[in-house]
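Each chain, written out:
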Amino acid sequence: MTIQEDSSSRNSDVLAAFETEDQPASGGRLEAAIDHLRREWQLYLMLLPMVIWFIVFLYKPMYGLQIAFKDYSIFRGIAGSPWVGLEHFETLFANDQFLRAIKNTVTISALNLLFGFPAPIILALMFNEVLHASYKRTAQTIVYLPHFISSVIIAGIVITAFSPTAGIVNTIMGWFGLDPVYFLTQPEWFRPIFIGTGIWQEAGFGSIVFLAAIAGVNPSLYESAVVDGANRWQMMWKITIPSILPTILIMLIIRIGNIMEVSFELVILLYQPATYETADVVNTWIYRQGLQSGQYDLAAAAGLFNAVVAFILVMTANTLSRRFSRTSLW
Amino acid sequence: MNWNLYSRGDKFFAIVVSILIGMFTVATLYPFIYIAALSFSSGFAAQAGKVVLTPIDATLEAYGYILKDPQFWVSYRNTFIYTIGGTVMSLAFIIPGAYALSRPQLKGRRFFNLFIAFTMWFNAGLIPFFLNMRDLNLLDSMFGIILAFAVNAFNVILLRNFFEAIPKSFEEAARMDGANDFQVLWKVFVPLSKPAIATITLFCIVSRWNGFFWAMVLLQSEDKIPLQVFLRHTISNLSDDDEFAIVQTAAGFSAETVTAAIIVCSIIPVLIVYPFIQKYFEKGILLGGVKE
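Residues numbered from 1 in each chain as written. Chains lettered and ligands numbered in written order. Predicted model: local features only at pLDDT ≥ 70, side-chain atom pairs only at ≥ 80, totals over all residues. Heavy atoms only, no water.

Asks: How do you make sense of the overall build of chain B when you look at a structure like this?
Replies: For chain B, the helix and strand inventory stands at 15 helices and zero strands. Taking 19 Å as the expected radius of gyration for a compact globule of 292 residues, we find that chain B reaches 25 Å, considerably beyond that expectation. If you line up chain B on its principal axes, its C-alpha atoms span 75 × 70 × 35 Å. Burial statistics for chain B: of 292 residues in total, 57% are counted as buried. A sequence separation of at least 24 residues applies to 71% of the contacts in chain B between residues at least 6 apart. Surface accessibility of chain B: about 13000 Å² in total, with carbon and sulfur atoms responsible for 68%. (Helix = DSSP H or I, 4+ residues; strand = E, 2+ residues; numbered from the N terminus. Rg over C-alpha atoms; globule rule 2.2 N^0.38 Å. Buried < 20%, exposed > 50% of the residue type's maximum accessible area, 1.4 Å probe, protein only. Contact = heavy atoms within 4.5 Å. Areas by Shrake-Rupley, 256 points an atom, 1.4 Å probe, with all protein chains shown as cover.)

Asks: Sorry, what's going on with the domain arrangement of chain B here?
Replies: For interface size, the figure often reported is the accessible area lost on association. All names here are of chain B. What the domain assignment reports for chain B is domain 1 (3-68 + 230-266) and domain 2 (70-218). Relative placement of domain 1 and domain 2: their C-alpha centres are 36 Å apart. Taken together, the contacts link seven residues of domain 1 with eight residues of domain 2. Counting the surface lost from both domain 1 and domain 2, the interface buries some 670 Å², and carbon and sulfur atoms represent 69% of this. The three residues of domain 1 that bury the most area against domain 2 are Leu67, Phe230 and Cys265, which together make up 56% of that side's buried surface. The interface formed by domain 1 and domain 2 contains zero salt bridges. Where domain 1 meets domain 2, there are three residue pairs in polar contact (both at pLDDT 80 or more). Among the elements of the structure, helix H3 (61-67), helix H13 (227-239) and helix H15 (255-288) are those that each provide at least two residues to the side of domain 1 that touches domain 2. Taken together, the residues of the side of domain 1 that touches domain 2 sort by class into four nonpolar, one polar and two charged. (Domains from an automatic or database assignment. Buried area = accessible area lost by both parts, 1.4 Å probe. Salt bridge = Lys/Arg side-chain N within 4 Å of Asp/Glu carboxyl O. Polar contact = N/O pair within 3.5 Å; in protein donor to acceptor, adjacent residues only side chain to side chain. Nonpolar A, V, L, I, M, F, W, Y, C, P; charged D, E, K, R; others polar.)

Asks: Is there a simple way to explain a nonpolar patch on the surface in this structure?
Replies: Together, Leu131(A), Trp3(B), Phe12(B), Ile15(B), Val16(B), Ile19(B), Leu20(B) and Met23(B) line one region of the surface with nonpolar side chains, adding up to about 740 Å² of accessible area. Mapped onto the secondary structure, Phe12(B) falls in helix H1 (residues 8-39). (Patch = residues over 30% accessible without salt bridge, like charges linked within 9 Å, V, L, I, M, F, W, Y side chains within 5 Å.)

Asks: I tried to follow the side chain of Gln66(A) on my own but got confused; where do I start?
Replies: All names here are of chain A. Along the polypeptide, glutamine 66 turns up in the loop between helix H3 (27-64) and helix H4 (77-80). With relative accessibility at 15%, the residue glutamine 66 sits in the buried group. Setting aside anything within four residues of it in sequence, one finds glutamine 66 in contact with Ile78, Ala79 and Trp83.

Asks: Help me understand the interface of chain B and chain A in this model?
Replies: Counting from both sides, the interface comprises 114 residues of chain B and, opposite them, 110 residues of chain A. Each partner contributes to the roughly 10400 Å² buried at the junction of chain B and chain A, and carbon and sulfur atoms together form 75% of this total. Three residues, Lys107(B), Trp121(B) and Ile127(B), lead the burial of chain B against chain A; their summed loss comes to 7% of the area buried on that side. Take the side of chain B that touches chain A: its biggest share by element is 19 residues, from H1(B).

Asks: Help me understand the packing of aromatic side chains in this model?
Replies: Aromatic rings considered in pairs are described by the distance between their centres and by the relative angle of their planes. Scanning the model with the defined rule gives 46 aromatic pairs over all chains in all. Relative to Phe305(A), the ring of Phe98(A) has its centre 6.0 Å away and its plane inclined at 70°; by these criteria the two rings are edge-to-face. With a gap of 207 residues between them, Phe98(A) in helix H6 (residues 96-116) and Phe305(A) in helix H17 (residues 296-324) connect regions that are remote in the sequence. Phe305(A) gets classed as partly exposed once you look at its relative accessible area, which sits at 23%. Summarising the aromatic geometry, the rings of Phe183(A) and Trp189(A) are spaced 4.9 Å apart at their centres and angled 85° between planes, so their arrangement reads as edge-to-face. The exposure class assigned to Phe183(A) is buried, which follows from its relative accessible area of 4%. By relative accessible area, Trp189(A) is classed as partly exposed at 36%. Members of the aromatic cluster, joined through ring pairs, are Trp53(A), Phe54(A), Phe57(A), Tyr59(A), Phe311(A), Phe111(B), Phe112(B), Phe115(B), Phe118(B) and Phe122(B). The ring of Trp83(A) has Lys70(A) sitting right over it, with the charged end atom 4.4 Å from the ring centre. Across the ring face of Tyr276(A), the terminal group of Arg288(A) is positioned such that the distance to the ring centre comes to 4.1 Å. (Phe/Tyr/Trp six-rings, centres within 6.5 Å; stacked < 30°, edge-to-face > 60°. Lys NZ or Arg CZ within 6 Å of the ring centre and 35° of its normal.)

Okay, structure coming up:
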């Protein structure tokens, strides 16, 4: 499903026709272009609204990114504000809170990779071993569900469950004689709760991709393994896991490519000043500096930095994944 | 695999795995049961941490408290408007756009595809997007929310790929009957692409129903906020509102039970549609996911 490869391989003749149009057009070419438009205008009419939408809502903000290099004032506007060069970036990299946010982003992503990434794989491997079809079906239906629940509700559930007075977690700790803990105000508890919540919400849904990969394994491999007297445990390690390894690798590369993307909506909902120390990520910092404190230019500079790093990571991930599969991710 | 062919070791393995799956499933489900139980419990029981699995001192006071709040109904209505309006808007942009991109006769196809895919890799970020919305005069606008989040590259590419895979002969047959592009799209491609369109519709509905962050940032008027923002306001207000703490002691509900009741009310529509959408998202995630 790559854009580059699809369009270049299947439609090279069309592209050739398009590219020749860029050359100085003789009257014949211009006529041909007009003729083409007259025949195919409906196609361009269909495309137009979507293209305008992309320009207005996604590309125009990219033009607005220039405020990262300007002393932006609302009254002068984006174009009218004076340039200040790299001043905002110097401020950023001298700002302890911003540096902490970068550190937290990378740490949370790394922990998520360590604990959150294997979870759906293990789940898919286990689902594959469940024989009872309706039991499996019911379990799947339930574990996919949290993916569809909004982060506000997820946060509401977490806040309620970890509440120091009424929360179930402290109630259960009370049964064992432990003192109540106000989890959400303690920096050392933020990451375990955040990552645990992520696993609870996404492990089930994430297993779909791996289950599909497992379904694609050639059944004759298992049949001959049975003939050789292999048991299910051995088949899992010797057949299933090696067979889905390409999928695992690609999903791993995607995750690494998205390392700057911590689901900051959930962070905003779960953190508080007491836990900024371990919880504040780049996007939440940008949100507070820019949208809450109105330091648009500085926050935009932080956003640009984040976007460039993310872009490089995603491109690297895409290049890497080309090596593992015949096509790229896109 | 046949159970009877399993060795004793394999049977043991299968049973252990089934138990582990069962435990994970229960762990997934439990928080919902806990919240439901809490929503039907009395405020005293909730605050004393007595609620574990079933309602304690069962009461409907918490539901009474929110259902009487006109703001709850306003934001519920708004969420329906955002979900339906937003999904219709998305489809209106994406279906014709993806069709055009899937046609080989479209010139500049490579450019347009890259133009759209680039937005998946590079994003201007929160601040420029917000300032752009302000410049467009779309702050605190319901229409602004519906329009500004109508399209995303992933859905366009998913549908375009689906359209590209439709055999040429279908289009040619329609052309022979004198159909133009709009007719080919509407009478041939849309009916043939029901699974892909259903998948995109599902993605749109879910993201609209759950949408929170930008609604919180962009909307100021109480009569425009969706349910998720109302829920957030309620949760954060209740937990540090001393006056509420005094009132509720007499009334039989608490911040916890009210929060739980709102959560239940906003999950119910998701639970109702969930069984219908399940068959689509399993296919859909694979349509748009990794393809080798």
